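Each chain, written out:
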Amino acid sequence: MKLLIRHQTVYRYAQSAGRVAMRLKLMPVDTPQQKVREWRVSINDEPVTGFHLNGNGEKEAVWICHGQIDHVTVVAEGLAETTETHGVLGWPSGQVDPRYFLRDTPLTRASDGIRDLALSVGQQGSPLDQLHALSAAIREAVSYRSGVTAADTAAAEAFALGAGVCQDHAQIFIAGARALGMPARYVSGYLLAEEGHALHETHGWAEALVPDLGWVGFDPSNQVCVTESYLRVASGLDADAAAPIRGSVTLTGDMWIDADVRIAQAEEGLEARQLQQQQQQSARSSILKR
């Protein structure tokens, strides 16, 4: 499947900001499940260079503006080709020992409830069977509901609420998998949703290390292993570590953020025209949000 993606994030400052610094994890890399055909990251229409491979085998860059600035527009766009691997990523390159992903963070620390849920499925067949059962149990215990959690909501809080979004489901899954002694990590990227359910934001899911298979992607929110409709971009111990954009700014006034993601399945021979249409739609969306 060929996926066309345009991800635009606009930061506006009530007063001119000074020394804006951003860590960008917006450059997908090739894996057994995906091949990046074209990709570009720009800030205020200027290409961002200097992307380098981190310890996870993924690309990131740092962008810094020392002068005064009233807005920052970050755009990641391009074309990637994905393949159905039933969620199996295998053993891609990376320097981090998988045991690192057994480490808890404030966002992924297992509560007694999460641990009990994990242990209740921990005897169900193979490690892969256990992870499938964990994903199903989480989706049953935590309904999908937007607006009840935030970016800094921990897995334990969302589990206690019994509601959340993809980030919450993924972090609860990670906490549960680690409670079973299985390395697990958070993944940020994009999902081509089913027709009539268009997403205009990034998506989050989890990967767990399965013996003899390597890393396998699980999306508890949609109750599937990762399919060819997913494009993987970055991973980390939790959602914060895998965030596409993180930064700091010296600012005395307010800041507003508008984000918009456009994803489409490319038609053979029409990729360039479709990407241009996505750019125009995203630009119009940004204007309407001002």
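Parameters at a glance
Residues numbered from 1 in each chain as written. Predicted model: local features only at pLDDT ≥ 70, side-chain atom pairs only at ≥ 80, totals over all residues. Heavy atoms only, no water. Helix = DSSP H or I, 4+ residues; strand = E, 2+ residues; numbered from the N terminus. Rg over C-alpha atoms; globule rule 2.2 N^0.38 Å. Buried < 20%, exposed > 50% of the residue type's maximum accessible area, 1.4 Å probe, protein only. Areas by Shrake-Rupley, 256 points an atom, 1.4 Å probe, with all protein chains shown as cover. Lys, Arg positive; Asp, Glu negative; His and termini not counted. Charge placed at Lys NZ, Arg CZ, Asp CG, Glu CD. Expected span 1.5 Å × (residues − 1). Contact = heavy atoms within 4.5 Å. Salt bridge = Lys/Arg side-chain N within 4 Å of Asp/Glu carboxyl O. Pairing = 2+ DSSP bridges. Phe/Tyr/Trp six-rings, centres within 6.5 Å; stacked < 30°, edge-to-face > 60°. Polar contact = N/O pair within 3.5 Å; in protein donor to acceptor, adjacent residues only side chain to side chain. 1 Å grid on protein atoms, 1.4 Å probe; cavity = no way out; pocket = protein on both sides within 12 Å on 5 of 7 lines; lining within 4 Å. Points joined across faces, edges and corners; volume = space filled by probe spheres on them. Nonpolar A, V, L, I, M, F, W, Y, C, P; charged D, E, K, R; others polar.

## Structural notes on the overall build of the protein chain
Then step 1. Broken down by element type, the protein chain carries five helices and 15 strands.
Then step 2. Scaling as 2.2 N^0.38, a compact globule of 290 residues should have a C-alpha radius of gyration of about 19 Å, and the protein chain matches this with 19 Å.
Then step 3. Overall size of the protein chain, expressed as C-alpha extent along the three principal axes, is 55 × 50 × 40 Å.
Then step 4. For the protein chain, the proportion of its 290 residues judged to be buried stands at 53%.
Then step 5. A total accessible area of about 13,500 Å² is found for the protein chain, and carbon and sulfur atoms account for 49% of it.
Then step 6. Once the 25 positive and 34 negative side-chain charges of the protein chain are each reduced to a mean point, those two points are 5 Å apart.

## Topic: helix α2 (residues 127–141)
Then step 1. The end-to-end C-alpha distance of α2, which contains 15 residues, comes to 21 Å, matching closely the 21 Å that a straight helix rising 1.5 Å per residue would cover.
Then step 2. Among the residues of α2, those classed as buried are Gln-130, Leu-131, Ala-133, Leu-134, Ser-135, Ala-137 and Ile-138.
Then step 3. Packed against the buried residues of α2 are α1 (112–121), α4 (166–179), β10 (203–210) and β11 (214–219).

## Some thoughts on the pattern of salt bridges
Then step 1. In the structure shown here, the tally under the stated rule is 10 salt bridges.
Then step 2. Where Arg-37 meets Glu-81, a salt bridge forms, and the shortest distance between an N and an O atom there is 3.2 Å. Of this pair, Arg-37 sits in strand β2 (residues 34–43) while Glu-81 sits in strand β5 (residues 59–82), placing them 44 residues apart in sequence.
Then step 3. Residue classification places Glu-81 among the partly exposed positions, given a relative accessible area of 28%.
Then step 4. A salt bridge links Asp-112 to Arg-115, with the shortest nitrogen-to-oxygen separation between them at 3.5 Å. Taken together, the residues Asp-112 and Arg-115, both in helix α1 and three residues apart, mark about one turn of the helix.
Then step 5. Among the residues examined, Asp-112 registers a relative accessible area of 58% and is labelled exposed.
Then step 6. Residue Arg-115 is classed as partly exposed on the basis of its relative accessible area, which comes to 33%.
Then step 7. When salt bridges with common partners are traced through the structure, they connect Glu-58, Arg-185, Glu-207 and Arg-232 into a single cluster.

## Describing the pairing of strand β9 (residues 184–191)
Looking along a regular strand, one sees the side chains alternate between the two faces of the sheet.
Then step 1. Among the eight residues that make up β9, eight are buried, leaving the element largely enclosed by the rest of the structure.
Then step 2. Taken together, the six bridges between β9 and β10 define a ladder with antiparallel strand orientation. Across the sheet, the residue bridging to Val-187 is Trp-205, located in β10.
Then step 3. Alignment of β9 against strand β13 (residues 230–236), held across six bridges, turns out to be antiparallel. Among the inter-strand pairings, Tyr-190 is bridged to a residue of β13, identified as Leu-231.

## Examining the packing of aromatic side chains
Then step 1. Considering all chains together, one arrives at five aromatic pairs under this definition.
Then step 2. Where Trp-39 meets Tyr-190, the ring centres are 6.5 Å apart and the plane angle is 35 degrees; that geometry is what we call tilted. Taken together, the residues Trp-39 in strand β2 and Tyr-190 in strand β9 connect sequence positions 151 residues apart. Tyr-190 matches Trp-39 in its accessibility class, with the two residues each being buried.
Then step 3. In this structure an aromatic cluster arises from ring pairing among Tyr-100, Phe-101 and Trp-215.

## Some thoughts on the environment of Gln-167
Then step 1. With respect to the helices, strands and loops of the structure, Gln-167 is situated in helix α4.
Then step 2. Taking the C-alpha atoms as reference points, Gln-167 and Thr-153, 14 residues apart in sequence, are found 9.1 Å from one another.
Then step 3. Once residues within four sequence positions are removed from consideration, Gln-167 is found in contact with Ala-150, Ala-151, Thr-153, Tyr-186 and Ala-239.

## Details of the side chain of Asp-238
Then step 1. Structurally, Asp-238 can be placed in the loop between β13 and β14 (245–250).
Then step 2. No salt bridge is formed by the buried Asp-238; its nearest oppositely charged neighbour, Arg-178, is found at 6.8 Å.
Then step 3. At 2.8 Å, the side chain of Asp-238 and the side chain of Thr-105 are in polar contact.
Then step 4. Side-chain polar atoms of Asp-238 contact the backbone nitrogen of Ala-241, separated by 2.9 Å.

## A few points about the layout of surface pockets
Then step 1. Its boundaries defined by the atoms lining it, the largest pocket holds a volume of some 1,100 Å³.
Then step 2. Of all the secondary structure elements, the ones that give two or more residues to the lining of the largest pocket are β1 (2–27), α4, β9, β10, β14 and β15 (255–265).
Then step 3. A per-element tally of the lining of the largest pocket places β1 first, with seven residues.
Then step 4. Tallied by class, residues from the lining of the largest pocket come to 21 nonpolar, 13 polar and four charged.

## Describing empty space enclosed by the protein
Then step 1. For the structure shown, the criterion picks out two cavities of 30 Å³ or more.
Then step 2. Estimates place the volume of the largest cavity at around 70 Å³.
Then step 3. Around the largest cavity sit Gln-33, Thr-85, Gly-87, Val-88, Leu-89, Trp-205, Glu-207, Gly-217, Val-226 and Arg-232, which together line it.
Then step 4. Contributing elements (two or more residues each) for the lining of the largest cavity: β6 (88–90) and β10.
Then step 5. Residues belonging to the lining of the largest cavity are distributed by class as follows: four nonpolar, four polar and two charged.

Such coordinate-based values are descriptive only and should not be taken to indicate function.
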